[in-house]
Amino acid sequence: MKFETEKAPPPVGPYPHARRVGNLIFVSGMGPRKPDTHKIPGTFTDAEGNVVAHDIEVQTESTIENIKLVLEEAGASLENVVDVTCFLTNMKDDFKKFNKVYGRYFENIGPTRTTVEVKSLPTPICVELKCIAWVD
């Protein structure tokens, strides 16, 4: 069963926000775009619109909040997350700050996690998360 919600930003490709198979909910890669404005919080641009800096903490929080919206639509919550795959565009500068925000949401839940650095993401963002949740 596919899940899509207008509460979260639309996917940037032909895929759903999430899919449930048995007791597992697979959430597609999610970034920090705001669903209502499509603006990317924590992104700073020059006069020509080129990204010149980002705030990993702001983007991480917005990304997790987007995932929370998708999980709620699918009948779950962050408490149900069992695995997270994290993509960062600047591991050296952002990893510690990313962990600070990530920990506020997931430290007590304790999902397994993989974090990798990527050269870029489909939109001008610095973080993307993909997760798997388990529901009864």
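Just so it is clear, the model here is predicted, and its values are computed rather than measured.

(A) Broad picture of the packing of aromatic side chains. Tallied over the full model, the rule gives two aromatic pairs. For the pair Phe 98 and Tyr 102, a centre-to-centre distance of 5.6 Å together with 35° between the ring planes defines the contact as tilted. With a gap of four residues between them, Phe 98 and Tyr 102 both fall in helix H2 (residues 91-106), about one helical turn apart. We classify Phe 98 as buried; its relative accessible area is 0%. The class for Tyr 102 is buried, based on a relative accessible area of 7%. Ring geometry for Tyr 102 and Phe 106: centres 4.8 Å apart, planes at 35°, overall tilted. With Tyr 102 and Phe 106 both in helix H2 and four residues apart, this pair spans about one turn of that helix. Of the two residues, Tyr 102 and Phe 106, both sit in the buried class. A connected cluster of aromatic rings, assembled from ring pairs, spans Phe 98, Tyr 102 and Phe 106.

(B) View of the environment of Leu 69. Structurally, the position occupied by Leu 69 is in helix H1 (residues 56-73). Exposure remark for Leu 69: the relative accessible area of 25% places this residue in the partly exposed category. Along the chain, Leu 69 and His 17 lie 52 residues apart, while their C-alpha atoms are 10.0 Å from each other. Not counting the four nearest positions on each side in its chain, Leu 69 is found in contact with Thr 5, Lys 7 and Ala 8.

(C) Focus on the packing of H1 against H2. The interhelical angle for the contact between H1 and H2, taken along N-to-C directions, is 35°, at an axis separation of 9 Å. The two elements H1 and H2 meet at a crossing, and its hand is right-handed. The residues of H2 that touch H1, namely those facing Ile 56, Glu 57, Thr 60, Glu 61, Ile 64 and Glu 65, are Asp 94, Lys 97, Phe 98, Lys 100, Val 101, Tyr 102, Arg 104, Tyr 105 and Phe 106. Here the contact of H1 with H2 is composed, by residue class, of seven nonpolar, one polar and seven charged.

Parameters at a glance
Residues numbered from 1 in each chain as written. Predicted model: local features only at pLDDT ≥ 70, side-chain atom pairs only at ≥ 80, totals over all residues. Heavy atoms only, no water. Phe/Tyr/Trp six-rings, centres within 6.5 Å; stacked < 30°, edge-to-face > 60°. Helix = DSSP H or I, 4+ residues; strand = E, 2+ residues; numbered from the N terminus. Buried < 20%, exposed > 50% of the residue type's maximum accessible area, 1.4 Å probe, protein only. Contact = heavy atoms within 4.5 Å. Axes fitted to C-alpha atoms, helices over the stretch in contact; angles between N-to-C directions. Left-handed = near helix turned anticlockwise from the far one by under 90°. Nonpolar A, V, L, I, M, F, W, Y, C, P; charged D, E, K, R; others polar.

Keep in mind these values describe shape, not function.
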